[in-house]
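Chain by chain, the residues run as shown.
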Amino acid sequence: MEIVGSKIYQYDLPLAWPLPLKATKLKSRQGLVLELKVNDADQGVGYLYGEAAPLPDFSLESLDAARQQLEEIVSALAGQEVDPESFSCQEWSDQPVYPSVAFALESAIGLPALRADDMETALPVAPLLTGSTADMLKRTGSWSSCWPSAFKLKVARGDGELKPDVYRVRQLLEALPESVCLRLDANRGWSLEQAVEFVHQIDSDRITYIEEPVDTASDCPAFYQQTRMPFAWDETLQNPEFEFSPQTGLAAIVVKPTLVGGIRRCESLVSAARDAGIHTVISSTFESVLGVNTLETLARAWAPREAAGLDTLTAFKQQLFDQPVALWQRLPGAVLQQMELVWR
Ligand SMILES: O=C(O)CCC(=O)C1=CC=C[C@@H](O)[C@@H]1C(=O)O
Ligand SMILES: [Mg+2]
């Protein structure tokens, strides 16, 4: 496949409420959309898209740095032949490629090769509960479709106080059918003692796992030993030096390509986890609908039966687009015009 041309657009989409991250409350979400014009021996000329949307507080690269690196790599790719099945963007840069940039490039080029034949069967998703306990109970209380296997919610957001989390989890478990579990995410917000104490105060049988339960990752095995509560890795995977090796008590890896890297890096983590019998949850980072659609394709390819962590579009007041966009087609003019063309 030949890269015939490329453009980079920038979006700025309002969020439905200020999104609490670590230090920041985000009112609008910004990101880059890469458009590649390609010529494929079988398909002819077409358009492929990728999204680079570093998340403030979570990504190490800024939007400007991502944009600059994306420009450098697409310049190097102009007129070049690439193999969608093995394309690795690191081969086109002297610098370590930022995760968000690798995700944009490798998903734009590699996604057609990963698309499953069956894109119709619904992908299971673990809905993300946000806001106050009342907001969460309102959402679960008016649940009208099939119950998911699990909901996800954040814990350890207070100032070290365990009580609010304990009450919230107890209330939710009481309100939900017995068959529904919770996935909790502490984002490394607890000490080992706090995490252990928390588990002792809840009905741990209906907690699938706690993502990053403790502030010191090397304490995870001790956490499991003292509680028998499975844990999952998210932040741990974001260390570029990280190499997968299974640990007792590790239930799942929560893979966020925008924060971990491109298809090649994520694929190697997913396959190492699979070999070790560890679950993979593909998860989003508040990307636009374009990025979330890409992540859905990856989830179908890598972990089709696992409830994916893709319930983040509800945070947007307005979506980049509402209609399905066919592969190889150019995005409609009205969608492109909503964004700023920042490079061509
Ligand atoms: O993983 C999911 O189910 C949804 C996404 C999600 O929870 C997150 C996305 C990005 C940053 C955090 O707010 C949070 C996480 O840490 O997992
Ligand atoms: Mg997490």
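Residues numbered from 1 in each chain as written. Chains lettered and ligands numbered in written order. Predicted model: local features only at pLDDT ≥ 70, side-chain atom pairs only at ≥ 80, totals over all residues. Heavy atoms only, no water.

Per an unreviewed UniProt entry, the protein chain goes by the name o-succinylbenzoate synthase and belongs to Endozoicomonas lisbonensis. In the Catalytic activity (unreviewed entry) part of its UniProt record, the protein chain is described as follows: "(1R,6R)-6-hydroxy-2-succinyl-cyclohexa-2,4-diene-1-carboxylate = 2-succinylbenzoate + H2O". Its UniProt record gives the protein chain the following Sequence similarities (unreviewed entry) comment, quoted word for word: "Belongs to the mandelate racemase/muconate lactonizing enzyme family. MenC type 1 subfamily." (UniProt positions renumbered as here; feature names shortened; annotations may be inferred.)

Q: I keep staring at the pattern of salt bridges and nothing clicks. Help me out?
A: It is possible for side chains bearing opposite charge to pair when their charged atoms get close. Under the criterion given, the structure shown has eleven salt bridges. The partner of Glu 306 in a salt bridge is Arg 183, and the shortest N-O contact between them spans 3.5 Å. Here the residue Glu 306 occupies a position in the loop between helix H9 (289–302) and helix H10 (333–337), and Arg 183 occupies one in strand E6 (residues 181–185), the gap between them amounting to 123 residues. A single burial state applies to Glu 306 and to Arg 183, both of which are buried. Note that Lys 256 and Asp 234 form a salt bridge whose closest N and O atoms lie 2.7 Å from each other. Of the two residues, Lys 256 sits in the loop between strand E9 (250–255) and helix H7 (257–260) while Asp 234 sits in the loop between strand E8 (231–233) and E9, which places them 22 residues apart along the sequence. When sorted by exposure, Lys 256 lands in the same class as Asp 234, which is buried. Several salt bridges share partner residues, and in doing so they unite Lys 152, Lys 154, Asp 185 and Glu 211 into one network. (Salt bridge = Lys/Arg side-chain N within 4 Å of Asp/Glu carboxyl O. Helix = DSSP H or I, 4+ residues; strand = E, 2+ residues; numbered from the N terminus. Buried < 20%, exposed > 50% of the residue type's maximum accessible area, 1.4 Å probe, protein only.)

Q: Would you mind showing me how to read the sheet that holds strand E11 (residues 340–343) here?
A: Strand-to-strand pairing in sheets goes through backbone hydrogen bonds, with the strands running parallel or antiparallel. Strand order across the open sheet formed by four strands is E3-E2-E1-E11, with antiparallel pairing between neighbours. Each edge of the open sheet is held by one strand with a lone partner, namely strand E3 (44–52) and E11. Direction aside, the axes of adjacent strands within the sheet are offset by 30° on average. Bridge count for strand E1 (residues 2–20) against E11 is three bridges, and the pairing is antiparallel. Along E11, the bridge assignment pairs Gln 10 with Glu 340. Strand contacts of helix H2 (residues 99–114): E1, strand E2 (25–40) and E3, with the helix running at about 150° to E3, the strand carrying the most contacts. (Pairing = 2+ DSSP bridges. Axes fitted to C-alpha atoms, helices over the stretch in contact; angles between N-to-C directions. Contact = heavy atoms within 4.5 Å.)

Q: Looking at this model, I keep getting lost on helix H4 (residues 163–175). Mind explaining?
A: Turn by turn, an α-helix covers 3.6 residues, leaving residues three or four places apart pointing in a common direction. Over its 13 residues, H4 runs 18 Å from end to end, which matches the ideal 18 Å to within 8%, given 1.5 Å per residue. Within the sequence span of H4, burial applies to Asp 165, Val 166, Arg 168, Val 169, Leu 172 and Leu 173. Mapping the buried residues of H4 onto a view down its axis gives an arc of 165°, with all of them on the same face. The exposed set on the far side of H4, more than 90 degrees from its buried face, consists of Lys 163, Pro 164 and Glu 174. Contact partners of the buried residues in H4: strand E4 (128–129), helix H3 (133–141), strand E5 (150–154), E6, helix H5 (192–200) and strand E7 (207–211). (Expected span 1.5 Å × (residues − 1). Arc of directions from axis to C-beta.)

Q: I would appreciate a short explanation of the nonpolar core in the present structure.
A: One recurring pattern in soluble globular proteins is that nonpolar side chains are buried together. Counting residues in each nonpolar core, the largest one holds 57 residues, and the members touching the most others are Leu 182, Phe 198 and Ile 210. When residues of this core are sorted by domain, at least three fall in each of domain 1 (2–118 + 321–343) and domain 2 (128–315). Excluding residues within four positions of it along the chain, Ile 210 makes contact with Leu 184, Ala 186, Trp 190, Phe 198, Val 199, Phe 223, Met 229, Pro 230, Phe 231 and Ala 232. Core analysis: the second largest hydrophobic core is formed by 27 residues, Leu 32, Leu 77, Val 101 and Trp 328 among them. (Core = buried A, V, L, I, M, F, W, Y, C linked by side-chain atoms within 4.5 Å. Domains from an automatic or database assignment.)

Q: Any chance you could explain the environment of Tyr 224 here in plain terms?
A: Within the fold, Tyr 224 resides in helix H6 (residues 220–227). Separated by 77 residues in sequence, Tyr 224 and Ala 301 have C-alpha atoms that sit 30 Å apart. Not counting chain neighbours up to four residues away, the residues in contact with Tyr 224 comprise Met 229, Pro 230, Phe 231, Thr 248 and Gly 249.

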